[in-house]
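# Summary of structural features
Read off the chains here:
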Amino acid sequence: MKKKTVLFLCTGNSARSQMAEALLRNKAADQFDVFSAGTSPEQVDVRTIEAITRFGIDAGDLVSKHLQTFAGKDFDYVITLCDKANNECRSYPGAGKQLAWDFPDPKNRAGEQPFFLTLHDINNRLTMFLLVEQQTTCLRPFELVPEAEAPEFKEVDPITFYKCLTDDIRLKTLMLTHYHGELCVCELMAALDEESQPKVSRNLALLKKANILSDRKHGQWVFYRINSNLPLWAKSVIAETTENNLGLIMPSLQQLHTMQNRPNKVSFCR
């Protein structure tokens, strides 16, 4: 079987994308040819090497590369690991599928051992990625629309946040958007096998009111994603819930896989 190709993109290609490259090679080198690059590359951070080595993976061949190194090359998957890289390249030319993940920069992350914690988070996400993509290998390419200027962010109330997780539609919506990056109402209806658009829209409105989701409109479509300003503790809850309960949304991912006439999103790369 021909190996699939994966390109991880970040801003500096000095930490997160290097971690993802090393981890996926270690997990599935027999299935994937893995690469990483940066939109504004910097030297690989020595703390990145230390964290990867501590994880038991050889990091000796990791080199920072500019995105232009891969100009004209097609990839089965292009995965951005930070919002800045995602904003700079929302639809990579030649990408079979594009996913938008967002991990905090370990250089600015609070707490002890921020690089190792980031490595751990990326490792969990890649485990989920492999489980999903091995079962839904024909998902349509995911392209994001230009992000509108974000309104002033209001703090998330933890009681409201946890109440939002008690509803089946809202919880699965957060898990699905955590994986895909952004989805519209019709995609969520197909994924959740829900015929009532008002019902889905009401739950989306509650998640938006709670500042958990943000939205932006393009033409007749409104697209929803996890609010990028959501505090780390809340993002971690959504991530851990999704990554450790993948079976809960696997039928929804299959439903989305078979959906016809999914909305087109603006495609550009700068």
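Refer to the structure presented above.
Residues numbered from 1 in each chain as written. Predicted model: local features only at pLDDT ≥ 70, side-chain atom pairs only at ≥ 80, totals over all residues. Heavy atoms only, no water.

### Concerning the sheet that holds strand β2 (residues 32-38)
Strands sit in the order β2-β1-β3-β4 across an open sheet of four strands; the sheet is parallel. Sheet topology places β2 and β4 (95-100) at the edges, where each strand pairs with a single neighbour. Each strand of the sheet is rotated relative to its neighbour by a mean of 20°, with strand direction disregarded. (Pairing = 2+ DSSP bridges. Helix = DSSP H or I, 4+ residues; strand = E, 2+ residues; numbered from the N terminus. Axes fitted to C-alpha atoms, helices over the stretch in contact; angles between N-to-C directions.)

### Focus on the layout of surface pockets
The computed volume of the largest pocket comes to approximately 380 Å³. Around the largest pocket, the lining comprises 25 residues; the ones closest to its centre are Asp102, Arg125, His178, Lys235 and Ala239. By residue number, the principal contributor to the lining of the largest pocket is helix α9 (residues 232-244), which donates seven residues. Partitioning the lining of the largest pocket into residue classes produces eight nonpolar, eight polar and nine charged. (1 Å grid on protein atoms, 1.4 Å probe; cavity = no way out; pocket = protein on both sides within 12 Å on 5 of 7 lines; lining within 4 Å. Points joined across faces, edges and corners; volume = space filled by probe spheres on them. Nonpolar A, V, L, I, M, F, W, Y, C, P; charged D, E, K, R; others polar.)

### So, the pattern of salt bridges
On inspection of all chains with the given rule, the structure shows 15 salt bridges. With a closest N to O distance of 3.0 Å, glutamate 42 and lysine 107 form a salt bridge. Taken together, the residues span a long stretch of sequence, with glutamate 42 in the loop between β2 and α2 (46-54) and lysine 107 in the loop between β4 and α4 (114-133) at a distance of 65 residues. Residue classification places lysine 107 among the partly exposed positions, given a relative accessible area of 32%. Each of the salt bridges in this network shares a partner with another, and the network as a whole consists of Glu21, Arg25, Asp61 and Lys65. (Salt bridge = Lys/Arg side-chain N within 4 Å of Asp/Glu carboxyl O. Buried < 20%, exposed > 50% of the residue type's maximum accessible area, 1.4 Å probe, protein only.)

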